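Secondary and tertiary structure notes
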Amino acid sequence: MSEELTPENPEAPEGDEPIKQRKNGLYPGVSDELAENMKSGWADTELHDLQPIAQAAETAARRAALSARFPGERLVVPAGNLKTRSNDTEYAFRASVEYAYLTGNQTEDGVLVLEPVAGGHRATIYLLPRSNRENGEFWLGGDGELWVGRRHSLAEAEKLHGIPAADVRELADKLREATGPVRVVRGYDAGIEEALTDKVTAERDDELKTFLSEARIVKDAFEIGELQKAVDSTVRGFEDVVKVLDKAEATSERYIEGTFFLRARVEGNDIGYGSICAAGPHACTLHWVRNDGPVRSGDLLLLDAGVETHTYYTADVTRTLPINGTYSEIQRKIYDAVYASQEAGIAAVKPGGKYRDFHDASQRVLAEKLVEWGLVEGPVERVLELGLQRRWTLHGTGHMLGMDVHDCAVARTETYVDGTLEPGMVLTVEPGLYFQADDLTVPAEYRGIGVRIEDDILVTEDGNRNMSAGLPRQADEVEAWMARLKG
């Protein structure tokens, strides 16, 4: 038997890592003949005509901005590692936003390092190289290419990303020997953090993560294009759902979830977040992602879903649809109030305006409606001052959007919520009214009705553009659109 590959002698030849064997595997080991056979007879698959990824110029500019912000400091940005789902199976991998934003790479275990040099930084992307065929890792190792698929060579990675590439397995030792100030993006790679444990501080690392969050507040042209792709696919996903509502009625909300997911996987990388497919009173649960309830004619369907592109940019759109194609009188009354609120919010999105303006404008309309309906005692100024409308509006009216569905989340408050809108920002406007099924403070006809309307809004030089305008919002238009799709 091949000495390095038997369970009794799991040590690999000197200089190589041992290859972990699966307990209770059906093969007790590997014969010398098979081990030798597997080393040869493979074609050269190196790719020589690769072109840089589409966003290579943008990622270079982002690294330059990062370099200028932290001169003389070593900066370490990990992609993260695979996470176990169950026993020896892993969750699908998604690289950290900070790493993907700066490199365009999406490979697990990758690490971007910016080392200070005269006049700036030298960037290196550390990755796993192609699998080793000499020691059998490529067909016996857990991350061997015959198990998980071919990965790019370091030379290929350099061509794709425009960054010198090196073997990530050597990085921890290099970082342990590093001198001078170091910052690392925490929370993604425990091994890298351990190697830097005596060289970094939480405060300095927080500053790095905050800078990278704020850098994404204003989107560049590539990002806006990707967000529009995500929205366009999402529009088609909503159309898919309307066409199969009869099948959802025969099964459950999960038919809606699965239908939208198919569009996301065919046209993009994934869904950008867990789809909310909330029918009937489930629409009053803000983050209803169980999606296991019934879909009934006469109820409303609140569908909050977004396609994520292959470059990690996600849409975030919500429509509240009458399952039978027609709003009832009370459903339309509540829907129209939310629509008016959203119209006021979208109108407030413009360059030079305060970020909070769209929220304040939307909430005012909803407060006015609640007072008009006699659900809360006015005047409206009193309701807004005390936040009394929040029993039924619950959440803020929107958020930044990008590579995270709630993008730029660790930006400073003065830069984000208390900031000023600029061209290139993309945010959601998503007011809602939610009357819980057990809310005895409202008439019975309101109970169990939840309505949210959400669109993705780009701040432009002269106002805004609704990126998700391909989906109708006004009640009559929604009904006509559904009728057309159902044929």
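Higher on the page you've got the structure.
Everything numeric here is computed off the predicted structure, so don't read it as measured data.

Here's the deal with helix α10 (residues 221–243)
In this model, α10 (23 residues) spans 34 Å end to end at C-alpha, consistent with the 33 Å of a helix rising 1.5 Å per residue. N-cap assignment for α10: the residue whose side-chain oxygen lies 3.1 Å from the backbone N of F222 is D220.

As for the packing of aromatic side chains
For the coordinates displayed, the defined rule picks out eight aromatic pairs. Ring geometry for Y355 and F358: centres 5.2 Å apart, planes at 90°, overall edge-to-face. By relative accessible area, which is 6% here, Y355 ends up buried. Ring geometry for Y355 versus Y416: centroids 5.3 Å apart, planes at 85°, classification edge-to-face. Pair noted here: Y355 is in the loop between α13 (329–347) and α14 (357–372) and Y416 is in the loop between α16 (390–393) and β13 (426–429), with a separation of 61 residues, a long-range link. Each of the two residues, Y355 as well as Y416, counts as buried. Over the ring of Y312 we find R94; its NZ or CZ atom is 4.3 Å from the centre of that ring. Its guanidinium or amino end placed over the ring of F138, R133 lies 4.4 Å from that ring's centre, counting from NZ or CZ.

Considerations on the pairing of β13
Neither face of β13 is exposed, since V426 and T428 on one face and L427 and V429 on the opposite face are all buried. Note: β13 against strand β16 (residues 455–460), four bridges, orientation antiparallel. Residue T428 lies in a different strand from β16, and its bridge partner there is D456.

Some words on the packing of α13 against helix α17 (residues 475–486)
Contact pair α13 / α17: the axes reach a minimum separation of 10 Å and the direction vectors enclose 115°. Contacts between α13 and α17 involve R332, Y335 and D336 from the former and A475, D476, V478 and E479 from the latter. Residue composition of the contact of α13 with α17, by class: three nonpolar, no polar and four charged.

Structural notes on unusual backbone geometry
Here the bond from G378 into P379 is cis, since omega is 5°, no more than 30 degrees from zero. In the Ramachandran plot, Y312 falls in the positive-phi region, its phi being about 85° despite a non-glycine side chain. Structurally, Y312 can be placed in the loop between β11 (307–308) and β12 (317–322). In this model, L394 sits at a positive phi of 65°, which is unusual for a non-glycine residue. Along the chain, the position of L394 falls in the loop between α16 and β13.

Observations regarding the sheet that holds β16
With antiparallel pairing, the three strands of this open sheet are ordered in space as β13-β16-β17. The two strands at the open ends of the sheet, each matched to only one other strand, are β13 and β17 (463–466). Shown here is a sheet whose adjacent strand axes are inclined to one another by a mean of 40°, direction ignored. Relative to β17, β16 runs antiparallel, the two sharing four bridges. Bridge pairing in β17 links I457 to N466. In the packing of α13 onto the sheet, contacts are made with β13, β16 and β17, and the angle to β13 comes to roughly 155°.

What about the pattern of salt bridges?
Across all of its chains, the model carries 33 salt bridges by this definition. Note that R216 is salt-bridged to D404, the shortest N-O span being 3.9 Å. Remark: D404 occurs in the loop between α16 and β13 and R216 occurs in the loop between α9 (202–215) and α10; sequence separation between them is 188 residues. The exposure class assigned to R216 is buried, which follows from its relative accessible area of 3%.

Criteria and thresholds
- Residues numbered from 1 in each chain as written.
- Predicted model: local features only at pLDDT ≥ 70, side-chain atom pairs only at ≥ 80, totals over all residues.
- Heavy atoms only, no water.
- Helix = DSSP H or I, 4+ residues; strand = E, 2+ residues; numbered from the N terminus.
- Expected span 1.5 Å × (residues − 1).
- Polar contact = N/O pair within 3.5 Å; in protein donor to acceptor, adjacent residues only side chain to side chain.
- Phe/Tyr/Trp six-rings, centres within 6.5 Å; stacked < 30°, edge-to-face > 60°.
- Buried < 20%, exposed > 50% of the residue type's maximum accessible area, 1.4 Å probe, protein only.
- Lys NZ or Arg CZ within 6 Å of the ring centre and 35° of its normal.
- Pairing = 2+ DSSP bridges.
- Axes fitted to C-alpha atoms, helices over the stretch in contact; angles between N-to-C directions.
- Contact = heavy atoms within 4.5 Å.
- Nonpolar A, V, L, I, M, F, W, Y, C, P; charged D, E, K, R; others polar.
- Salt bridge = Lys/Arg side-chain N within 4 Å of Asp/Glu carboxyl O.

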